[in-house]
Amino acid sequence: MSTATTPAKPTFAERWTALPKPVQIVVWTLIALFFFVLPLLNLPIISTEDAEFGAVLATVANYALVALGLNIVLGYAGLLDLGYVGFYAIGAYTVGVFGSLHGQVPWFVLIVMAVTISTASGLLLGAPTLRVRGDYLAIVTLGFGEIIRLTALNTEWLNGARGITGIPRPPSRELFGVPSLVWDGAVAKVDLGQGARSIFLKFGLLDAVPYYWLALIVIILVLIADRLLQNSRVGRAWEATREDEEAAELNGVPTFRFKLLAFAMGAFVGGLSGALYASRVGAINPDSFMIQLSMMFLAAVVIGGQGNRWGAIVGGVVVAYLPERFREFADFRIVVFGLLLLLLANFRPQGLLPPRRARRAQRADVATKELEGTEEGARA
Amino acid sequence: MNLTFTGLVVGAIYALFALGYTLVYGVLRLINFAHSEVFMWGSFGAVWAMTLLGARTGMSWPAAIGLLLVALVAAMAVSGGVALVVERIAYRRLREKNAPPLVALISAIGASFMLSEIMGLRDRIAGWLNLDTVLAPYVRQARENTAFVNPLPNVQVLEVAGFQIRSNQLIVLVAAILMMVALDQFVSRSRLGRGVRAVSQNPEAAALMGVNQKRVVQLTFFIGGLMAGAAALLYLVHIGVTRYNVGFVLGIKAFTAAVLGGIGNIRGALVGGLVLGLVENYATLLGLASSWKDVVSFLLLVVVLLFRPTGILGESLGKARA
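Note that the coordinates shown come from a computational prediction; the quantities given were computed from them, not determined experimentally.

(A) Quick peek at the overall build of chain B. When its secondary structure is counted, chain B shows 13 helices and four strands. Taking 2.2 N^0.38 as the reference for a compact globule, 322 residues should give roughly 20 Å; the C-alpha atoms of chain B span a radius of gyration of 20 Å, in line with that estimate. In chain B, which comprises 322 residues, the proportion classed as buried is 55%. Long-range contacts, defined here as pairs at least 24 residues apart, represent 77% of the contacts in chain B between residues at least 6 apart. With the model as given, the accessible surface of chain B reaches about 13,200 Å², and the carbon-plus-sulfur share is 64%. Charged side chains in chain B number 25 positive and 13 negative. The centres of these two groups are separated by 8 Å.

(B) Representation of the overall build of chain A in the model. Secondary structure summary: chain A contains 14 helices and two strands in total. Relative to all contacts within chain A whose residues are 6 or more apart in sequence, the contacts with residues 24 or more apart total 75%. Of the roughly 18,400 Å² that chain A leaves accessible, carbon and sulfur atoms contribute 66%.

(C) Spotlight on the UniProt feature "transmembrane region" (unreviewed entry) in chain B. Residues and elements named next belong to chain B. The sites that carry the UniProt feature "transmembrane region" (unreviewed entry) are, in the present numbering, residues 12–31, 38–55, 61–86, 98–121, 170–187, 219–238 and 295–314. With 83% helix and 0% strand, the stretch residues 38–55 has end C-alpha atoms that lie 24 Å from each other. This span, residues 61–86, is 100% helix and 0% strand, and a straight line between its end C-alpha atoms measures 37 Å.

(D) Main features of a nonpolar patch on the surface. Residue and element names in this part refer to chain A. A grouping of Trp-28, Ile-31, Phe-34, Phe-35, Val-37, Trp-310, Val-314 and Leu-353 is seen on the molecular surface, where their side chains present a nonpolar patch of about 640 Å² in accessible area. If you list the elements that add at least two residues to the nonpolar patch, you get helix 2 (21–41) and helix 12 (309–325). The biggest single contributor to the nonpolar patch is helix 2, with five residues. On the secondary structure map, Ile-31 appears in helix 2.

(E) Quick look at the side chain of Ser273(A). Residue and element names in this part refer to chain A. Checked against the element boundaries, Ser-273 lands in helix 10 (residues 255–281). The class of Ser-273 is buried, set by a relative accessible area of 0%. A polar contact is formed between the side chain of Ser-273 and the backbone oxygen of Gly-270, at a distance of 2.9 Å.

(F) The arrangement of helix 8 (residues 191–201) of chain B in detail. Residues and elements named next belong to chain B. Along helix 8, the positions that sit buried rather than exposed are Gly-193, Gly-195, Val-196, Arg-197, Val-199 and Ser-200. Residues of helix 8 that are buried make contact with helix 1 (2–28), helix 7 (167–189), helix 9 (203–208) and helix 10 (213–239). Among the residues of helix 8, the N-terminal cap falls to Ser-190, whose side-chain oxygen and the backbone nitrogen of Gly-193 are separated by 3.0 Å.

(G) Here's a closer look at the packing of aromatic side chains. Residues and elements named next belong to chain A. Counted under the stated rule, the structure contains 19 aromatic pairs over all chains. Aromatic pair Tyr-88 and Phe-297: ring centres 5.3 Å apart, planes at 70°, arrangement edge-to-face. Linking Tyr-88 in helix 4 (residues 84–101) with Phe-297 in helix 11 (residues 291–304), this pair joins segments that are 209 residues apart in sequence. Assessed through its relative accessible area of 2%, Phe-297 is described here as buried. The rings of Tyr-63, Tyr-88, Tyr-93, Tyr-277, Phe-289 and Phe-297 are connected pair by pair, giving a single aromatic cluster.

(H) Here's a closer look at the UniProt feature "transmembrane region" (unreviewed entry) in chain A. All names here are of chain A. On the UniProt side, "transmembrane region" (unreviewed entry) is annotated at positions that read residues 25–43, 55–76, 82–101, 108–127, 211–229, 260–278, 298–322 and 329–347 here. The span residues 108–127 is 100% helical and 0% strand by assignment, and the distance between its end C-alpha atoms comes to 29 Å. Between the end C-alpha atoms of residues 211–229 there is a gap of 26 Å, over a span that is 100% helix and 0% strand.

(I) Region of interest: the interface of chain A and chain B. Across the contact, 39 residues belong to chain A and 44 residues belong to chain B. Summed over both sides, the interface of chain A with chain B buries roughly 3,900 Å², with 79% coming from carbon and sulfur. The tally of links between chain A and chain B comes to zero salt bridges. Along the contact surface separating chain A from chain B lie two residue pairs in polar contact (both at pLDDT 80 or more). Secondary structure elements with two or more residues in the side of chain A that touches chain B: helix 5 (107–129), helix 6 (134–154), helix 11 and helix 13 (333–347) of chain A. For the side of chain A that touches chain B, the leading source of residues is helix 6 of chain A, giving eleven residues. When its residues are assigned to classes, the side of chain A that touches chain B shows 27 nonpolar, nine polar and three charged.

(J) The pattern of salt bridges, seen in detail. Residue and element names in this part refer to chain B. Under the defined criterion, the tally for this structure stands at eleven salt bridges over all chains. The partner of Arg-92 in a salt bridge is Glu-87, and the shortest N-O contact between them spans 3.2 Å. Notably, a salt bridge pairs Arg-143 with Glu-117, separated by 3.2 Å at the nearest N-O pair. Residue Arg-143 is located in the loop between helix 6 (136–139) and strand 1 (146–147), and its partner Glu-117 is located in helix 4 (residues 101–120); the two are separated by 26 residues in the primary sequence. Under the relative-accessibility criterion, Arg-143 is labelled partly exposed at 34%. Taken together, the shared-partner salt bridges connect Glu-87, Arg-92 and Arg-95 into one network.

(K) Region of interest: the packing of helix 7 (residues 209–230) of chain A against helix 10 of chain A. Residues and elements named next belong to chain A. Between helix 7 and helix 10, the least distance of the axes is 11 Å, while the angle of their chain directions is 175°. With respect to each other, helix 7 and helix 10 are oriented roughly antiparallel. Across the interface between the two elements, Tyr-211, Leu-214, Val-218, Val-222 and Leu-229 from helix 7 touch Met-265, Val-269, Leu-272, Leu-276, Ser-279 and Arg-280 from helix 10. Classifying every residue of the contact of helix 7 with helix 10 by side-chain character gives nine nonpolar, one polar and one charged.

(L) Fine view of the packing of helix 1 of chain B against helix 10 of chain B. All names here are of chain B. The N-to-C vectors of helix 1 and helix 10 enclose an angle of 165°; their axes lie 9 Å apart at closest approach. Considering their axes alone, helix 1 and helix 10 lie roughly antiparallel with respect to each other. Here helix 1 runs over helix 10; the crossing is left-handed. Seen from helix 1, the contacting residues are Val-9, Val-10, Ile-13, Leu-16, Phe-17, Leu-19, Gly-20, Leu-23, Val-24, Val-27 and Leu-28; seen from helix 10, they are Val-217, Thr-220, Phe-221, Ile-223, Gly-224, Met-227, Ala-228, Ala-230, Ala-231, Leu-234, Tyr-235 and His-238. A breakdown of the residues in the contact of helix 1 with helix 10 according to their chemical character gives 19 nonpolar, four polar and no charged.

(M) Representation of the environment of Leu23(B). All names here are of chain B. Take Leu-23: it is sitting in helix 1. Judged by relative accessible area, Leu-23 falls into the buried class, the value being 1%. Sequence spacing of Leu-23 and Ile-266 is 243 residues, and the spatial spacing of their C-alpha atoms is 7.3 Å.

(N) Molecular detail of the side chain of Asn62(A). Inspection of the secondary structure puts Asn62(A) in helix 3 (residues 53–76). Assessed through its relative accessible area of 7%, Asn62(A) is described here as buried.

(O) Spatial organisation of helix 4 of chain A. Here helix 4 of chain A spans 24 Å end to end across 18 residues, near enough to the 26 Å set by a 1.5 Å rise per residue. Counting buried residues along helix 4 of chain A, 15 of its 18 residues qualify, which places the element largely inside the surrounding structure.

Reading guide: rules and limits
Residues numbered from 1 in each chain as written. Chains lettered and ligands numbered in written order. Predicted model: local features only at pLDDT ≥ 70, side-chain atom pairs only at ≥ 80, totals over all residues. Heavy atoms only, no water. Helix = DSSP H or I, 4+ residues; strand = E, 2+ residues; numbered from the N terminus. Rg over C-alpha atoms; globule rule 2.2 N^0.38 Å. Buried < 20%, exposed > 50% of the residue type's maximum accessible area, 1.4 Å probe, protein only. Contact = heavy atoms within 4.5 Å. Areas by Shrake-Rupley, 256 points an atom, 1.4 Å probe, with all protein chains shown as cover. Lys, Arg positive; Asp, Glu negative; His and termini not counted. Charge placed at Lys NZ, Arg CZ, Asp CG, Glu CD. UniProt positions renumbered as here; feature names shortened; annotations may be inferred. Patch = residues over 30% accessible without salt bridge, like charges linked within 9 Å, V, L, I, M, F, W, Y side chains within 5 Å. Salt bridge = Lys/Arg side-chain N within 4 Å of Asp/Glu carboxyl O. Polar contact = N/O pair within 3.5 Å; in protein donor to acceptor, adjacent residues only side chain to side chain. Phe/Tyr/Trp six-rings, centres within 6.5 Å; stacked < 30°, edge-to-face > 60°. Buried area = accessible area lost by both parts, 1.4 Å probe. Nonpolar A, V, L, I, M, F, W, Y, C, P; charged D, E, K, R; others polar. Axes fitted to C-alpha atoms, helices over the stretch in contact; angles between N-to-C directions. Parallel < 35°, antiparallel > 145°, perpendicular 65-115°, else oblique. Left-handed = near helix turned anticlockwise from the far one by under 90°. Expected span 1.5 Å × (residues − 1).

Structure (structure tokens):
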């Protein structure tokens, strides 16, 4: 190899960071804005025909939020948690129990209670069990998820199999109606009349769009916190623990404490998303929290690319949106979903968006090969 | 006494089922999440064989036992086949690419969803193929409980200290323990079993010594499938119905049994299964409603793992009798 090495094409991330900060902020704002108006656009192809698009988006956002939370546990700290649905259930049940079944606590207090209780349960579960590793941790957490569900099912105080209804919704403001687009073929027209069903901040039964907005705001907040955490000492400690626990411990990382922290963080987000879910659907029962749901959450993180927060969101979108979009095959959608999981695992094991670390490692690999190549060239 | 015996019967079924998890884990270090569907397909294999042969209750003893043996073969054949399919579609490519275990887990979850839903939609699929009239007795009511017609008269055969032991229970217990012993002997004595142990101990060294790893892995899945099929038939004899999603909860239980005894350890699966079955049934003695028994079994698992992180007998498919 006598040719000089051509500089590697700048990756998307590199070109992106080269942009001036104000431009970056503007682009981010535009992207966020797009997602906020998405339910009103009713875009053809994307929009779902057989289910209300706003409701589908609210579900999708919910999955994305859960995936973000699980990504902290699984992607950053490398802890295989198969019982994540347990925290989700705890969040939802807290809202149900204290907002409807045994109390009339105001909604904002309910949310705070939900995250507090789920975080505490994360610490309670993590403190003894994080001593076991790898697959055993997976089983213990799986057991935890089932214990939570079965306890809800068998406890009369939690209304058993009947579940909880009349869960409070977020307080409404009902300021003005938001117009939405109606498509006639390729021609769009603004619907100001009856179609303007989305009343700004009216959390009602019929229109799921405000819930989607709420979830979107929560996702953005969690994303910011996630980014700050991952780029901090905590994030590096997690990465070190995930890659090699013994080495990290020897280098002075108190791995147990950081694993526990990851668990608590994950439980926080899990409880939060469960609480939001409960206050959207208004009624929950133990069947809403089967282990299969845990598997779906796990699939979301792994499909998206564990360790990558955007990947987690993409995975959440894939897992929640596809079955809704293809309702035509309603009965076969789980078969198709299973097939999709199989294909993705087989042909894209890194996930749709591999974490930056994996790509860095790949680039470093290429760079080393090139270096070795030039050395050989110089010797020849 | 009745509790003990029921516990042992259920535990023996768990133990047989758990073998599939434990074998695959021992060799590949993977949790085979699709194993529960292998069991479920086996149970339908048995039901279909009985439908085909026109089984009915109250047949003569020799005929009944013959039919049960046919059903056993059918269940084992279907389960073994499905296990091989799972290995082929969900694992082989990933193993060749050295993918991380978590990806294999996702792949297995995908396979599991597919297998269970295909069974749940069998009436629709038969409709597509215009076979619904021909196959009617096999496909109808795909999402309902499907009953297993047990040709054996379920009579009381023994009475110990005033408690009765019924023939079905006795058959299940004896058959399960015979199967376990046969498998244990197979793995510790036969040439193929030696290969399985070699790969589980050190895959690279085994490959260097001329063990065909691909064959061993297939064999592991196949044997696990056979045992799941046997467990499926015994489950049907004990419980009487199956369903397209029957594997899920039972699979978690069996897996718990495998972990409890020490996953990767064949004798551990037996111990774990029996302990789990007993504890579950004894839970009612503590004044807990029987609906709490699943909670008790998971709590037991958590507690055991905390004090003995590798299970009661430890992890040793290769180590123990190498």
